[in-house]
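Descriptive analysis of the structure
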Amino acid sequence: MKYKNIREEELKNKVGNDWFKQFDTTEILGNIDFTVFPKQDSVFGRIPLLWAEAKTGNYDIPTMFVQLILTIGKARTFDKTLPPAFLGAFDFKKIAFIDYVNIQDIFYLNDFNWNVTPSNHETKEFQLIKERIEAILKAKTYIFDYEKDAELLKTFIKNNVAKATTKSKIKIDKNNFIPIYLRWVEIVKPIIDVDWDELKKANIFDNDFYLADLFVDDKDTQKIDDDLTIRDNLFVVFQNQGYKIAKEDIKQMFDATINIKNKDAYIQFWKIYKRPPLQEFQDYIIERRDLLVPQDIRERKGAFFTPRIWVELSQKYITDYLGEDWQDEYYIWDCAAGTGNLLAGLRNKYNIYASTLDQADVNVMHERIDHGANLLKNHVFQFDFLNDDFTKLPQSLQDIINDPEKRKKLVIYINPPYAEATSSKTVSGTGENKTGVTTNFKINDYFKPKISSATNEIFALFMAIIYEKIPGSIIGQFSKVKFINGSNFKKFKEFFLAEYVSGFVVPAETFDNVKGKFPIGFTIWNTSIKSKIETISTDIYDKNGNYSGIKKFYGGLAKSINMWIKDSYDKSAIQIIGYLPSPAPDFQNQTFLFLTINIGTRHVYYLPITAKNLIETSLYFAVRHSINVSWLNDRDQFLEPNNDWKDDIEYKNDCLAFTLFHSQNRVTISEKSTNHWIPFTEQEVNAQSRFESHFMTDFINGKIETESENDLFGKDATQSKKREFSEEATAVFDAGRELWKYYHSQPNVNVNASLYDIREYFQGRNEKGRMNSKSDDEKYMELIGILRDKLNFLADKIKPKIYEYGFLKE
């Protein structure tokens, strides 16, 4: 057999390389085993060609497809990204394909429990799906034996997969037709060539054009001939790639075709939606055209507005959890409503409540109601959630909160403020705590003993109040994710015990008036089920709304890397060669992690560096700087490692090389101290005179006794061997040596200069005293560029073992 006796990962790699070499098979999409994408995106973005299940044994084809379908259905992957042209399944002997359109209806089964383990083939759900699709698979599946059908398989891939474009689109129903409309207003409405003010005089509005767009088929043919209800209720129809006014009493006034100014943009928008809407929702959509009212939100300075794309997505996640009729079966309260944009797209105004701190915001929402917003005035009210007593709430809302069974049907749907009491300037000693951010709330004193410093965060106070005063309710909230893995939320997680349901994370910069690169999450919690926050998995979306995988956040974390590094300092050590400040152990504080000769002013622990802990220091430094900071990993916590690193001599030496040549090594002779960090001898770099210290070259060459590297922290032997460096680390030394040589070829240089001093010599400083980012010396720029490239290669070698040794959780 072609792929017998190999592991699943190797099987996927071999199938990708042998049969799909001309495609991109590296994309990881949730828990789907194998994906195929074109190497070049189309003008419409990234279009998937194949999602497939992989098995190492000899499996029957229906079983593999059922597991794939359950995997897709459980994560609702088909709603988060454009589905592929084909689904596939393969094992060590064969591969099978089926057109996605032949199977897609299975994902819209009513009352089906998708929350089962896909790999458990004994569940009733597994058997139900298998029964539903076996006949389809028998008639519609293409099956190929790798060896017997090799040529046929190649031809199929060439003529079908390679030329495929996705045939599946998002179906329109009663839960998404309003969010789709809001997006249509942004993208399609501006390209319709019409005077909207003139149309309004005739009581024709943009929603009439939207409905005209909805009720066409994939060939842009208006689907009204066989449905009198739809025909009689469409005041605008789509004809000849444009629009015609169809309202009887005025259509003579607007006889000409209304054109679309940008046909490509129009096509791109409707490319992802299946029109017309699902049959069972068509009458409802026509009847509830009153819900199709554009937002008219007045932005107030300092407010945090939820982008429409995330409003739409969050409501979809709630729908996935509570069912498509949730807006009729549940009550909704946005207790941090601002001017109400989070509620856009919700349709049952009798079940919606909105409260906000400022009366001015209430006035704006009432004005919006006057102009058609789908809310009730007596359900929109001023209320200080963090201070006011619940007896001030409308009686109908009190009745819900005071009834244990009704509380279980109450969804607290919020995007509370993200302000906190501290900033980076606070901990750096250059700023003060923000006064009044949370201390102005009387509830702060009440919750301080219960959730400790989490009271610094307004969103955490909202969560605490909801948990205590509205027990059993469901929370759907936008917030920072630091309450899951943040070091200051240990006590909060002991207090807040609720079941995590689902959620997603997006870049914070997509929110108005939010600064910084960190994730904002939308998470759903069922407070009626008590569960400690341990690990949660969230879907990831980029700033454009493209699904890009799964991110795990960990609540129950081991001891931090900072506690570990403190244990490495032996106070009996005589010679201190520098200091390592140890800022909070997450990515957002990497800027404050550097090497220095003297103790600085930051309010953190400064670890003395000696020969006895230089290796541990290098591990700490390299582990924290090898992976670049991103919006997604901003709050990931660095942890105490397991013991496996102790025997990995090459890894420790890689980390030492990385630390010596990294730009955050800020050791400098300008601080009037001896530089012990020169990694070369005078002869190697043609120095003009003798160095003051040979500590580092002596350390590298085994001339300085250190603790045994097979029993670090055990301290039972000494290390005196010359260090051997990997190919990647040696390349860094070679690049660094050429840079040092060039520096020492300059006239009147300080021979004891550090890497930092060399950079300053060539790059200089600006009028604010900051080091310039580049130099006019072309030779220097070439050499420093080579060094940085080699350092990046070394970082890539270091990264995998950061997870293997437990410094980070994947």
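The paragraphs below set out a description of the structure included in this document. (Residues numbered from 1 in each chain as written. Predicted model: local features only at pLDDT ≥ 70, side-chain atom pairs only at ≥ 80, totals over all residues. Heavy atoms only, no water.)

1. Notes on the sheet that holds strand 2 (residues 50–54)
- Reading across the sheet, the 5 strands line up as 1-2-3-4-5 and stay open at both edges, with mixed pairing between neighbours. A single partner strand is all that each edge strand has here, and the edge strands are strand 1 (34–36) and strand 5 (142–145). Strand-to-strand, the axes of this sheet are offset by a mean angle of 20°, without reference to chain direction.
- The pairing of strand 3 (residues 86–90) with strand 4 (residues 94–99) spans 5 bridges and is antiparallel. Across the sheet, Phe86 pairs through a bridge with Asp99, a residue of strand 4.
- The strands touched by helix 2 (residues 61–75) are strand 2, strand 3, strand 4 and strand 5; relative to strand 3, the strand with the most contacts, the crossing angle is about 125°. (Pairing = 2+ DSSP bridges. Helix = DSSP H or I, 4+ residues; strand = E, 2+ residues; numbered from the N terminus. Axes fitted to C-alpha atoms, helices over the stretch in contact; angles between N-to-C directions. Contact = heavy atoms within 4.5 Å.)

2. Regarding the pattern of salt bridges
- For the structure on display, the rule yields 32 salt bridges.
- Residue Lys316 pairs with Asp320 through a salt bridge whose shortest N-O separation is 2.7 Å. In this pair, Lys316 and Asp320 are both assigned in helix 12 (residues 308–322), 4 residues apart and thus about one turn of the helix distant.
- Measuring nitrogen to oxygen at the nearest pair gives 2.6 Å for the salt bridge that ties Asp648 to Lys801. Of this pair, Asp648 sits in the loop between helix 23 (614–625) and helix 24 (649–661) while Lys801 is found in helix 29 (residues 778–804), placing the two residues 153 residues apart along the sequence.
- Asp648 sits in the buried class, given a relative accessible area of 11%. (Salt bridge = Lys/Arg side-chain N within 4 Å of Asp/Glu carboxyl O. Buried < 20%, exposed > 50% of the residue type's maximum accessible area, 1.4 Å probe, protein only.)

3. A closer look at helix 23
- Its 12 residues give helix 23 an end-to-end C-alpha distance of 16 Å, which sits within 8% of 16 Å, the value for a rise of 1.5 Å per residue.
- Counting buried residues along helix 23, 12 of its 12 residues qualify, which places the element largely inside the surrounding structure.
- Taken together, the buried positions of helix 23 are occupied by Leu614, Ile615, Glu616, Thr617, Ser618, Leu619, Tyr620, Phe621, Ala622, Val623, Arg624 and His625.
- Of the surrounding elements, those touching the buried residues of helix 23 are helix 22 (561–566), strand 20 (578–582), strand 21 (605–609), helix 24, helix 26 (695–700) and helix 29. (Expected span 1.5 Å × (residues − 1).)

4. Section: the packing of aromatic side chains
- Here the structure, examined in full by the defined rule, presents 70 aromatic pairs.
- On the basis of an interplanar angle of 50° and a centroid distance of 6.1 Å, the ring pair of Phe20 and Phe23 is categorised as tilted. Phe23 matches Phe20 in its accessibility class, with the two residues each being buried.
- An aromatic cluster is present here, built from Tyr446, Phe447, Phe459, Tyr467, Phe483, Phe489, Phe492, Phe495, Phe496, Tyr500 and Trp525 joined pairwise through their rings.
- The ring of Phe390 has Lys469 sitting right over it, with the charged end atom 5.0 Å from the ring centre.
- Here Lys566 stacks its cationic end above the ring of Tyr605, 5.1 Å away from the centre of that ring. (Phe/Tyr/Trp six-rings, centres within 6.5 Å; stacked < 30°, edge-to-face > 60°. Lys NZ or Arg CZ within 6 Å of the ring centre and 35° of its normal.)

5. Brief notes about unusual backbone geometry
- Backbone torsion omega between Arg275 and Pro276 reads -5°, so that peptide bond is classified as cis.
- Among the secondary structure elements, Pro276 is positioned in the loop between strand 10 (273–274) and helix 11 (282–287).
- Here Arg76, not a glycine, exhibits a phi torsion of approximately 55°, which is positive.
- Turning to its location among the elements, Arg76 is positioned in the loop between helix 2 and helix 3 (77–80).
- Classification of Arg76 by relative accessible area gives buried; the value is 18%.
- Despite not being glycine, Asn240 shows a phi value in the positive range, around 50°.

6. A look at the packing of helix 2 against helix 4 (residues 124–140)
- For the pair helix 2 and helix 4, the least separation of the axes is 9 Å and the interaxial angle reads 120°. Classified by the angle between their axes, helix 2 and helix 4 sit oblique to one another. For the crossing formed where helix 2 meets helix 4, the hand is right-handed. Side by side, helix 2 and helix 4 meet where Pro62, Thr63, Phe65, Val66, Gln67, Ile69 and Leu70 of the first sit next to Phe126, Ile129, Lys130, Ile133, Glu134 and Leu137 of the second.
- For the contact of helix 2 with helix 4, a count of residues per class yields 9 nonpolar, 2 polar and 2 charged. (Parallel < 35°, antiparallel > 145°, perpendicular 65-115°, else oblique. Left-handed = near helix turned anticlockwise from the far one by under 90°. Nonpolar A, V, L, I, M, F, W, Y, C, P; charged D, E, K, R; others polar.)

7. What to know about the sheet that holds strand 8 (residues 242–245)
- Spatial ordering of the open sheet is given by 7-8-9, a layout of 3 strands whose pairing is antiparallel. Whereas interior strands pair on both sides, the edge strands pair on one side only; in this sheet they are strand 7 (236–239) and strand 9 (258–259).
- The pairing of strand 7 with strand 8 spans 4 bridges and is classified as antiparallel. Note that in strand 8 the partner of Val236 across the bridge is Ile245.

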